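Letter by letter, the chains look like this.
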Amino acid sequence: MKDPADHRDPGEDLAPAPADVGAVADARAAADGRDGAWDTVDIWRRFAGAGVLLDGFHALKHAVRFRAEILAAVTADRRAALALADELAPDVRDTLDGLLVEVPEAVYRSLVPRPHPTAVAALAVRPSREDGLRALTAAARTAPVVVLDQPRNLGNVGAVIRLAAGFGVTGVVTTGTLDPWHPTVVRGGAGLHFATAVERLTVAELPPGPVFALDPEGEDIRGTKLPDDAVLAFGSERSGLSPELRARADHLVSLPMRPQVSSYNLATSVAMTLFHWSAAGGAPAGSRAASAEPRPRGSADTTA
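Calculation criteria
- Residues numbered from 1 in each chain as written.
- Predicted model: local features only at pLDDT ≥ 70, side-chain atom pairs only at ≥ 80, totals over all residues.
- Heavy atoms only, no water.
- Helix = DSSP H or I, 4+ residues; strand = E, 2+ residues; numbered from the N terminus.
- Buried < 20%, exposed > 50% of the residue type's maximum accessible area, 1.4 Å probe, protein only.
- Areas by Shrake-Rupley, 256 points an atom, 1.4 Å probe, with all protein chains shown as cover.
- Contact = heavy atoms within 4.5 Å.
- Salt bridge = Lys/Arg side-chain N within 4 Å of Asp/Glu carboxyl O.
- Phe/Tyr/Trp six-rings, centres within 6.5 Å; stacked < 30°, edge-to-face > 60°.

Caption draft 1: Layout of the overall build of the chain. Along its length, the chain carries 11 helices and 10 strands. Per-residue burial for the chain yields a buried fraction of 51% across its 304 residues. In the form shown here, the chain has an accessible surface area of approximately 13300 Å², with 52% of it arising from carbon and sulfur atoms.

Caption draft 2: Seen up close, the side chain of His193. Mapping His193 onto the fold places it in the loop between helix H9 (183–189) and strand S7 (197–200). The residues contacting His193, other than those within four sequence positions of it, are Ile161, Pro180, Trp181, Val185, Val186 and Val198.

Caption draft 3: View of the pattern of salt bridges. Throughout the structure, instances matching the rule amount to 11 salt bridges. Of the charged contacts, one joins Arg134 and Asp131 as a salt bridge, the two residues approaching to 2.6 Å between their closest N and O atoms. One end of the pair is Arg134 and the other is Asp131, both in helix H7 (residues 129–136) and 3 residues apart, which spans about a single turn. Salt bridges here are not isolated pairs; linked through shared partners, they connect Arg78, Asp86, Arg93 and Asp97.

Caption draft 4: Main features of the packing of aromatic side chains. Scanning all chains against the criterion turns up 1 aromatic pair. Here Trp181 and Phe194 contribute two aromatic rings whose centre-to-centre distance is 5.5 Å and whose plane-to-plane angle is 75°, an arrangement assigned as edge-to-face. Here Phe194 lies in the loop between H9 and S7 and Trp181 lies in the loop between strand S6 (171–174) and H9, a separation of 13 residues in the sequence. Assigned by exposure class, Trp181 and Phe194 land together as buried.

Okay, here's the thing in structure tokens:
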């Protein structure tokens, strides 16, 4: 569904290339035996351009729960961060205790674009594209794939990924130039990129499954049962569905909306559609198994 907002800054479409896991291991080995804080800061500065920035306690908490490989994790106040873990995330408290390194506040501020109120930040390895494609194209999917067709608003994409994780969908795919792993998108997703497959594909590369595209001229979604293997497609905030996506659609469906209202926000449209799907009995429970243990070293696999 269309949303006239477009807060994309010039040059914000692309995220850095993924970190070289082997190079990270070499850096750790070279720094072995040094002061832990400065070892962590050195690794951070060497790989900041390639790692996924987890901004704040809640982003790190979610990433750990969904087995992200953490390259480095820092805080300006370790006691406060672990107190938050005791209160809000006791399931990963021990893991965070082993990951978080306290650094001076000035150093923490030098490592992040803008300080987070929780004074916590981490770098993680971006999951491999191969793993993402394997999840998206798996036979007999038990939850839909959400497709954002040429989205423009980075914050909306992050909000959609957070929704997708909550509903237990198979994954989120974007088409067009926006990288769904851009730091602003990751911030909006609160670390939940690691809870679902997130990839950028062309329309021709979309996963198999019946495509249900949201369009104001479509059939009322309330009369439609969305199958678990559906591909749910949403047009850009500015232009709606692209001609390529519209041609690929098997069904056009619309959300109920009074005539005087022109559109819903993209994330709102996705939430309504996923709720409609889930009301028939789809997901959560344990769609993608979470774990309090981080991925093994070397695997490539904001406030809440």
